Amino acid sequence: MAELRSGQRSRAMLLLRALVDIAAAHPALPGPLSPPRDAWHLLIEAERRSPAAVEGLLLHPTVGVWLNRCLRRLRGLESGNEPLWSTVGYLHAMAASAALLAGIDFRIAVPVRDRGVMLPALGSARIPHEAEVAEVVMTDRKAAVLSGPYSVTLPADFSADAPGWYGLRRLRGEHRGIVCAPLVDDIDPYRDFLRIRGPERLTDEERAGWQERFDSAWRLVAEQPHVDPRGIGACLSSVVPVPYVAWPEPFSASSPEAYGCVLLGGATDALALATALVHEAQHIKLSALMDLVPLIEHGLEEVHYAPWRLDPRPLRGLLQGVYAFLGVTGFWQDRMRRAEAGPARSIAAFEFALRRAQTSAGLRTLLSHAQLTPTGREFLHRLQERLAEWLVRPVPALPGRLAADLIDDHRIVHRMRHLRPDPGQLARWARAWRERTAPPREPPGTSIRPAPTEALTRPALARHRLRDPAGFARLRAGGGAGTPDGDDAPDRADLDWAAGDTAAALRGYRGRVEADPDDIAAWAGLALSLPAGTARTTLLSHPELVLAVHREVRTEAGTGPDPVALARWIGTRTRR
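What comes next concerns the included structure.

Thresholds applied
- Residues numbered from 1 in each chain as written.
- Predicted model: local features only at pLDDT ≥ 70, side-chain atom pairs only at ≥ 80, totals over all residues.
- Heavy atoms only, no water.
- Axes fitted to C-alpha atoms, helices over the stretch in contact; angles between N-to-C directions.
- Helix = DSSP H or I, 4+ residues; strand = E, 2+ residues; numbered from the N terminus.
- Parallel < 35°, antiparallel > 145°, perpendicular 65-115°, else oblique.
- Left-handed = near helix turned anticlockwise from the far one by under 90°.
- Contact = heavy atoms within 4.5 Å.
- Nonpolar A, V, L, I, M, F, W, Y, C, P; charged D, E, K, R; others polar.
- Salt bridge = Lys/Arg side-chain N within 4 Å of Asp/Glu carboxyl O.
- Buried < 20%, exposed > 50% of the residue type's maximum accessible area, 1.4 Å probe, protein only.

Here we take up the packing of helix H4 (residues 61-74) against helix H6 (residues 90-102). Pairs of packed helices are described in terms of their axes, by the angle between the two and the distance that separates them. Running from N to C, H4 and H6 cross one another at 155°; their axes reach a closest spacing of 11 Å. With respect to each other, H4 and H6 are oriented roughly antiparallel. Here H4 runs over H6; the crossing is left-handed. Here H4 contributes Thr62, Val63 and Trp66 to the contact with H6, which in turn contributes Tyr90, Leu91 and Met94. Of the residues assigned to the contact of H4 with H6, the class counts are five nonpolar, one polar and no charged.

Here the focus is the packing of helix H7 (residues 204-223) against helix H9 (residues 270-292). Relative to each other, H7 and H9 sit at 60°, their axes nearing to 8 Å. In terms of axis orientation, H7 runs oblique to H9. By crossing handedness, the relation of H7 to H9 is classed as right-handed. In contact with Arg213, Phe214, Ser216, Ala217, Leu220 and Val221 of H7, H9 contributes Ala270, Leu271, Leu273, Ala274, Leu277 and Val278.

In total, this model carries 41 salt bridges according to the counting rule given. When the shortest N-O distance is used, the salt bridge between Glu82 and Arg113 registers 2.9 Å. You can see Glu82 sitting in the loop between H4 and helix H5 (84-88) and its partner Arg113 sitting in the loop between strand E1 (106-111) and strand E2 (116-119), a full 31 residues away along the chain. For Arg411, the salt bridge identified is with Asp408, shortest N-O distance 3.1 Å. Note that Arg411 and Asp408 are positioned in helix H13 (residues 397-418) at a spacing of three residues, about one turn of the helix. On the basis of relative accessible area, Asp408 is assigned to the buried category, the value being 16%. Within this structure, Asp409, Arg458, Asp491, Asp494, Arg512 and Asp519 form a network of salt bridges that share partners.

Right, here's the structure in full:
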């Protein structure tokens, strides 16, 4: 982690120097601020006094986000709503933070945004009137932000709140002597790398809730042995609460531009939070590694199947997913070992089985299609060795069955959404069906045509059945209005599938396909519910062909061929 941190520091210094050089020659700058080189020289002075403080500032996630956004804007690659001088002025605020941390006397003008002066990594001073510029001043170790007749005195402990001042606060987790204490950033405009966001201060109650969940989650992270918790603690520098939602799993995200930052959507339980921390820490580490060591060449085409996402992905994204889910697989393997018998162990076994299968499938794609460097090949082979230990571990029958079905479910939906058979060859297949002759000898070629996707409902039902068997039984019996997450009542066929009643599920999915032949989730459910045989094999291996032929030969809903008979007919040629 120290090596990765050093690499990120060098990267930030290069970006910062490039920004200063470009900004110094830009005709629209400096605006009402001093020239960018003045801020640069103040940074240099602060670094001479306190190298560690300035290094921490260079590695602060919002600095990375700002650096990349600002450079793109200076180069005309990105637009912005605020004046360019104000965007570049984050450099002046950064220099002020560095000087405050170094304890040197200074005075520098900085931009005001949303009636506030953000001092990166420290906090925000609130300005009670409209202003474009304020001054940050330090004299005899007393610091203040000045704007017209108003003055905000900064506390000695910058993380503490004071009149007119919001300090950046921390979460803290400690277990077995392993500490993780990221900032909980709710004020910096660059804290959310997906968009510029105004301050959204957590209330004391909300912050206490985050602290309670984080402390519980960190205990889970610190006790598992497969992803070094000290490494996770070393690379997690900020947690950012955001309003985004994802379904059926909680939202979390990280970015190569925001080293050490994790976005987290909404309140979540300790187990989900622990999983997210492991997952995003893996992304953070791999992004930092790839800044230093090339692992893969090219691989930017978004045409590959990722078992954890329904949209086609580039190979570089697949590599990120494999490494992240390898860590998640290890986390769940440890939870399966530690959990008490019953729902807790069942859900851990399910997640372990699901994540190891997803990781294995993604790894196979990389080894088959990626143009790897020698280091990249070594990296993937070591991942393969680690994963091999987990692929042979037994899991109970029910979690294993549900996980295997969901792997098939995801792949079928992906193929039906995004793969399109060649129209000319498809017409020959449709003609053969209409004429009741044997299908052509070879399946038609396919092309990738990305299409909109939707969240699948069956994973949530599988988790519900394992986590709360009694509640699931009530839901299936009609005693609940919807899922535990407050969603609409699930489809009966999906409930029957989750319950293992494949005969009832098959009837339900047949009815859904008949009513709406373009209901792709119903087609996938049909495949999962069919008994072993040619029709099931065909829907698992060539679902896009079955759907395309069905679309080609039907005239309207309810008039198409029997989907099982069609799959069986196609399977006389496609079966291997």
